[in-house]
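# Observations on the model geometry
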Amino acid sequence: MDMFIKGATILAIGGAHGFEPFTGDVHIQGDSIAAVGPNLEAPEGAKVIDGTGKLVMPGLMNSHLHTNEALFKGRYDSMPLEVWMLYAYPILAAKPLPPRLVYLRSMLVAMESLKTGVTCITDDLYESPRQEMHLLGAAVDAYDDAGIRATVSAHVVDKNFLDTIPFSREHVPQHLQEEVAKMPPVSISDYLSFVKDAHSRFHGRSGRIRFMLAPSAPQRCTPELMLAANDLAKDWGVPFHTHIVETKVQGVTGPVMYGKTLMAYMNDLGLLNPWTTIAHSIWVTDADIELMGRAGVSVAHNAISNQKLGAGTAPIRKLLQAGVHVGLGSDGISTNDTPRMFDVMHTAGLMHNVNNPDWSRWLTASEVLHACTLGGARTALIQDQIGSIEPGKRADLLILDMETVSFTPLNDIRNHLVYCENGSSIEKVIVNGEIVVEDGRLTKVDEKALLAELRAAMPEFLEYHSGVEAANAQFEPAFTEIIKRCYGHDLGFTRWASDLG
Ligand SMILES: [Zn+2]
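Residues numbered from 1 in each chain as written. Predicted model: local features only at pLDDT ≥ 70, side-chain atom pairs only at ≥ 80, totals over all residues. Heavy atoms only, no water.

As annotated in an unreviewed UniProt entry, the protein chain carries the name Amidohydrolase and is attributed to Terrihabitans rhizophilus. Recorded in UniProt for the protein chain, the comment headed Sequence similarities (unreviewed entry) runs: "Belongs to the metallo-dependent hydrolases superfamily. ATZ/TRZ family." (UniProt positions renumbered as here; feature names shortened; annotations may be inferred.)

Given below as C-alpha cells:
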C-alpha cells in the first residue's frame, strides 16, 4: 500500500532543498519515494500520515560497525586499542560461538540501531577464531528479520598476528610466540572461495542486504589477498573496507615495517580507489591526505570510539578539503558501547573544536548531518539509493515529533538534530517503504523476548570468555612495552589534541 506523509517539515539533505527545511508531503510507493514536495495529491487508497508538527528526514547511516563486539558492551574501560584487542579480539583460546548467539548479538545491535533512527549499517563482521558461513548467515538473518538495511563483510586477517604489530618479536616471550605460530592463518584461496560463496548467498537478499570485502588492515593482510579482494570489490560494485592508522602504534607501523606510511603503501599497491572505505584515518600525514583526496576514497569517522581508546583525532576538515568522502561510524559495540548515531553526531560536532582555535574550520551541524546520511551512503557506495529524501530513492526515513523537549523552543532544526536530539523524539522509522519502528516499538520482532533470550545465554558465554581473557592477559605486559615504545617514536606530527598531560 502507498504511504503519504502530509504537511510535514522535511529535511531532504539532497535535492533542490538540501539542508533547508520546508513544509511538504512525501509519497512512498512500494520500497521507494515516488514524490516529495509541497501540496502533492494523496493517491487513492494510500495510508495517510498526518505530518503536522513532525519532521521527516533520511534515516541515519552507521558507516563502520563491528557487531561482534556487542557481547562486550559495558565490559572494558580505560584501555588503548592494542591492550583492549587482546580481550575483544583474542589471539589465543577462542572457539566459535553458537549460531543462535551470533543471531541474538546481531539482533541486539539491529534493534537498538532502528529504535534510535539508524536505518542502514555497515557491519564489518569478525568472528573469533575465524568466520564461518553459518555464523555469517545467522547475522544476516537477524538483519533481515529486524528490517534494517545492512552491508556485511567477512573481516579477514591472513598474517600471524605478531607480525602485524611493530617490535612484537622483541617483546613477546618466546613461548607465547610459539603458541601463536600453532594457528595458521586462512589461505588466500580458502578466503576467496568463502567470500564468493557469501556474496552469492547474501548479496541482494530482501533488497536490503549487501556483502562487501573487508581485509582488516594493510599490516594485517598479505598484499596478494588485498589485491584479490580489491578486484572482487571492483567487479561487484561493493566497498573495499579496511582500517588504516587508527592509533599511534599503527602510525609507527608503516615507517618501521615498510619504510613508508601505510597510506603510501596502499597507494603503491593500487589499493586507494573510489570504492575504498577507510575506517579512522587518524595518524595520516598531509601527503597521505593528498593521496586519499586524489584517489577519491571514503573515510568512516568514529568520533566516540576514537576517544574511548585514546586513539587521537582524525583530521576531518583536511580530509573534506582534499575531496575525501566522509561518513560517521559507531565502530564496534565495545569501543563505543552503543550504536546510537545521534550520540556520534553530537560528539563529531564538538570534538574538532577543542584542538583547533580557528573556528572557521570547525564542522557545522549540516556537515555532520551530511556525514551521517548522504556521506555515509557514499562510504557504502549506495548514495544513489539512500541518504536523502528524493524521488526514486529507497524510502528509508524517520518521522520525529517536533513537540518534544529536544525541539522546544525550536530554533535551527539542523542544530537541534546534532546538539539536542538523542533519538527519543522518533515516532516512526521506515526502511525500504516498511514501518519498522512505531511509537518506540519494533514492528517485525519481539524485542522483549529476544532480550530475555540473550540475557539467559550470557552466564555461559561469560564463563567461557573469562577463560579467553585470562589466556590473553599473558600478552599484556609485552604489549604495554610496545605501545610505550611506539608513543616515543617521533613521526614529526601528532594527532592528540594536547600533549600537556
Ligand atoms: Zn573497526
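Continuing now.
Right, let's get into the overall build of the protein chain. For the protein chain, the count of helices and strands is 18 helices and 17 strands. For 501 residues, the compact-globule estimate of 2.2 N^0.38 gives 23 Å, and the protein chain sits close to it at 22 Å. Considered along the principal axes of its C-alpha atoms, the protein chain spans approximately 75 × 50 × 40 Å. Counting across all 501 residues of the protein chain, residues that qualify as buried make up 60%. Considering only contacts within the protein chain whose residues lie at least 6 apart along the sequence, 78% involve residues at least 24 apart. Carbon and sulfur atoms make up 52% of the accessible area of the protein chain, which amounts to about 18500 Å² in all. Positive and negative side-chain charges of the protein chain, numbering 41 and 59 respectively, have mean locations separated by a distance of 1 Å. (Helix = DSSP H or I, 4+ residues; strand = E, 2+ residues; numbered from the N terminus. Rg over C-alpha atoms; globule rule 2.2 N^0.38 Å. Buried < 20%, exposed > 50% of the residue type's maximum accessible area, 1.4 Å probe, protein only. Contact = heavy atoms within 4.5 Å. Areas by Shrake-Rupley, 256 points an atom, 1.4 Å probe, with all protein chains shown as cover. Lys, Arg positive; Asp, Glu negative; His and termini not counted. Charge placed at Lys NZ, Arg CZ, Asp CG, Glu CD.)

Time to look at the domain arrangement of the protein chain. Assigned domains of the protein chain: these are domain 1 (3-56 + 400-441) and domain 2 (60-249 + 300-379). Here the C-alpha centre of domain 2 lies 30 Å away from the C-alpha centre of domain 1. Tallying the contact residues gives 21 residues for domain 1 and 25 residues for domain 2. Summed over both partners, the interface of domain 1 with domain 2 comes to about 1800 Å²; 69% of that surface belongs to carbon and sulfur atoms. Per-residue buried area on domain 1 facing domain 2 is highest for Val418, Tyr419 and Val431; these three make up 31% of the total on that side. The interface formed by domain 1 and domain 2 includes two residue pairs in polar contact (both at pLDDT 80 or more). Secondary-structure elements contributing two or more residues to the side of domain 1 that touches domain 2 are helix H16 (413-419), strand E15 (426-431) and strand E16 (434-438). A per-element tally of the side of domain 1 that touches domain 2 places H16 first, with five residues. For the side of domain 1 that touches domain 2, a count of residues per class yields 13 nonpolar, six polar and two charged. (Domains from an automatic or database assignment. Buried area = accessible area lost by both parts, 1.4 Å probe. Polar contact = N/O pair within 3.5 Å; in protein donor to acceptor, adjacent residues only side chain to side chain. Nonpolar A, V, L, I, M, F, W, Y, C, P; charged D, E, K, R; others polar.)

Donor atoms from the polypeptide that bind the zinc ion are His64 (NE2), His66 (NE2) and His243 (NE2), placed at 2.0 to 2.1 Å. Between consecutive donors of the zinc ion, the numbers of intervening residues give the motif H-x1-H-x176-H. Linking His64 in strand E6 (residues 60-65) with His243 in strand E10 (residues 240-244), this pair joins segments that are 179 residues apart in sequence. Accessibility classification places His64 together with His243 in one group, the buried group. (Donors = N, O, S within 2.8 Å, 3.2 Å for Na, K, Ca; no water.)

Quick look at the pattern of salt bridges now. By the definition in use, this model includes 26 salt bridges. The salt bridge partner of Asp197 is Arg201, with a shortest N-O separation of 3.0 Å. In this pair, Asp197 and Arg201 both sit in helix H6 (residues 188-202), four residues apart, roughly one turn of the helix. Salt-bridge contacts for Lys308 lead to Asp337; the nearest nitrogen and oxygen are separated by 3.0 Å. Within this pair, whereas Lys308 is found in helix H11 (residues 303-308), its partner Asp337 is found in the loop between strand E13 (325-328) and helix H13 (341-354), the two being separated by 29 residues in sequence. A relative accessible area of 25% means that Lys308 is categorised as partly exposed. One continuous salt-bridge network, built from bridges that share partners, spans Lys73, Glu112, Arg340 and Asp343. (Salt bridge = Lys/Arg side-chain N within 4 Å of Asp/Glu carboxyl O.)

Attention now goes to the pairing of strand E1 (residues 3-10). Buried residues dominate E1, accounting for six of its eight residues. In this sheet, strand E4 (residues 47-50) lies alongside E1 in parallel orientation, the contact comprising four bridges. By the bridge assignment, Met3 is partnered in E4 with Lys47. Examined bridge by bridge, E1 and strand E2 (residues 22-29) share six bridges and lie antiparallel to one another. Within E2, the position partnered with Phe4 by the bridge is His27. In the sheet, E1 pairs with strand E5 (residues 54-58) via two bridges, with the strands oriented parallel. By the bridge assignment for E5, Ile10 is matched with Val56. (Pairing = 2+ DSSP bridges.)

Let's shift gears to the packing of helix H9 (residues 262-269) against helix H10 (residues 286-295). Running from N to C, H9 and H10 cross one another at 35 degrees; their axes reach a closest spacing of 9 Å. For the pair H9 and H10, the sense of crossing is left-handed. Counted together, Met263, Ala264 and Asn267 of H9 and Asp288, Leu291 and Met292 of H10 form the full contact between these two elements. For the contact of H9 with H10, the class distribution of residues is four nonpolar, one polar and one charged. (Axes fitted to C-alpha atoms, helices over the stretch in contact; angles between N-to-C directions. Left-handed = near helix turned anticlockwise from the far one by under 90°.)

Glancing now at helix H3 (residues 133-146). With 14 residues, H3 should cover 20 Å at 1.5 Å per step; its first-to-last C-alpha distance of 20 Å lies within 8% of that length. Judged by how many residues are buried, H3 sits mostly within the fold: eleven of 14 residues are covered. Within the sequence span of H3, burial applies to Met133, Leu135, Leu136, Gly137, Ala138, Ala139, Val140, Ala142, Tyr143, Asp144 and Ala146. Among the structural elements, helix H2 (99-115), strand E7 (118-123), strand E8 (149-153), H6, strand E9 (209-212) and E16 are those in contact with the buried residues of H3. Just downstream of H3 lies Gly147, where phi reads positive at about 95 degrees. (Expected span 1.5 Å × (residues − 1).)

UniProt's feature table lists "domain: Amidohydrolase-related" (unreviewed entry) at residues 55-436, given in the numbering used throughout. Helix and strand shares over residues 55-436 are 41% and 15% respectively, and the end C-alpha atoms of the span are 17 Å apart.

Another point: the sheet that holds E13. Across a sheet, paired strands are connected by hydrogen bonds in the backbone, their directions being either parallel or antiparallel. One open sheet accounts for four strands, arranged E10-E11-E12-E13; its pairing is parallel. Where the open sheet ends on each side, the last strands, each with one partner, are E10 and E13. Looking at each pair of strands side by side, their axes are set apart by 30 degrees on average, direction ignored. Two elements, strand E12 (residues 298-301) and E13, share four bridges in a ladder whose sense is parallel. Its bridge partner being in E13, Val299 is matched across the sheet by Val326.

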